[in-house]
Each structure stands twice: as C-alpha cells, then as structure tokens.
Amino acid sequence: LARNEGNRRARVKARRDRAARVIQKNYRRHAAAMKSYVGGQLELLRAKEELRARRERRKRERLRREGAAAQIERTFRGHKIRRGRYLLSLMYRKNHARTIQAWWRRKLYHACIVRTAARLKERRRMEDAMATKLQACYRGHAAYARLELRLVGLEKATRLRRLQ
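Every value quoted in this text rests on a predicted model; they were computed, and no experiment measured them.

Colleague: Just to check I follow, could you spell out the overall build of the protein chain for this structure?
Modeller: Counting its secondary structure elements, the protein chain contains three helices and zero strands. Moving toward the C terminus, one meets the helices and strands of the protein chain in the order α-α-α. In the protein chain, which comprises 164 residues, the proportion classed as buried is 7%. Considering only contacts within the protein chain whose residues lie at least 6 apart along the sequence, 82% involve residues at least 24 apart. Surface summary for the protein chain: the accessible area is close to 14,700 Å², and the carbon and sulfur share equals 58%.

Structure below.
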C-alpha cells in the first residue's frame, strides 16, 4: 500500500509539473501573439503620438530659445550702449553668440539622455510585470493541485473509516 501511495504521489507531482509547463508554454505563446499584434498597434500609436509631441516641444522650445536669445542680446546691447563700450565690444560679438549656443546645446543633450533613461526604466518595469503574472498563474495552478491532492487524501481516509 505504501508503495502504491508513493507511485501515486510521483504521478500527481509529474502531472502537476506537466500542467505548469503547458500553462507556461501557452502563456508565452499568447503573450508573444498579443505583443506582436497589440504591441505593434500600441507602438505605432505611441510612436505617432511621441513624434507629434516631440515636434510640438521642439517648436515651443525653438520659439522660447529665440525669444530668450533675443532678450539676452537686447539686454546686453543696452548694457554696452549705456556703458559706452559698444564700439569696443563689436569685435567680441561672435564669442558671445558661441557661448550662448554652447550652453543651449549642453542643455538639449542632457534632456535627450534623461528621456532615454526614462524609456529604459519603463521597459524594465513591463518585463517585471509580465514575469510576475506568469509566476502568479503557476502558483495558482500549484495551489489548486495541492487542494486536489488533499481532497483525494480526505476521500481515502473517509473510505478507510467506513470500512473499519
């Protein structure tokens, strides 16, 4: 009797493991199909929206920069005229423009790096969520199988009691 019980447990365990593999395989197939279809559609919509938003941001930023640069130049010229150094500073005008341009380029490069880091963080978060979902499915299946085993054991115990 003990030998049969051990074989039965082994068969139940093998069946449970096989069921988990089937669930995982089907989930991966489903996730891949959904990712290719829905993900493709979402990526397309997201890309279009990002492109539109990026163009809008660039336009606003360009207008803001041009206004800021014009204001800086206006203020600086007024300062030079008030101080009476306008004629002396004409030869340095190129250097001032280069300084302003270099500052803006550094600022734009930093913003690009920050956006790329945010995208990578979002991708990692999605992968973690998918792994968690798969683990939850397997744990639910395993819990159901354990419950089934307990019920089978309970039925055997009840039968033995009735026989005695």
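Having seen the model, we can carry on.
Colleague: I'm lost on the pattern of salt bridges in this one. Help?
Modeller: Two side chains bearing opposite charge may form a pair once their charged atoms approach each other closely. Overall, the coordinates contain five salt bridges when judged by the stated rule. Residue Glu155 pairs with Arg159 through a salt bridge whose shortest N-O separation is 3.5 Å. Taken together, the residues span about one helical turn, with Glu155 and Arg159 both in helix α3 (residues 93-163) at a distance of four residues.

Colleague: Would you mind going over the confidence of the model for the protein chain with me for this structure?
Modeller: For residues with low pLDDT, the predicted coordinates do not support detailed interpretation. Looking at the protein chain as a whole, its pLDDT mean stands at 78, while 79% of the residues score no less than 70. Looking over the protein chain, one finds the lowest element-wise mean pLDDT in helix α2 (residues 86-89), namely 50, and the highest in helix α1 (residues 2-83), namely 80.

Calculation criteria
- Residues numbered from 1 in each chain as written.
- Predicted model: local features only at pLDDT ≥ 70, side-chain atom pairs only at ≥ 80, totals over all residues.
- Heavy atoms only, no water.
- Helix = DSSP H or I, 4+ residues; strand = E, 2+ residues; numbered from the N terminus.
- Buried < 20%, exposed > 50% of the residue type's maximum accessible area, 1.4 Å probe, protein only.
- Contact = heavy atoms within 4.5 Å.
- Areas by Shrake-Rupley, 256 points an atom, 1.4 Å probe, with all protein chains shown as cover.
- Salt bridge = Lys/Arg side-chain N within 4 Å of Asp/Glu carboxyl O.
- pLDDT = per-residue confidence, 0-100.

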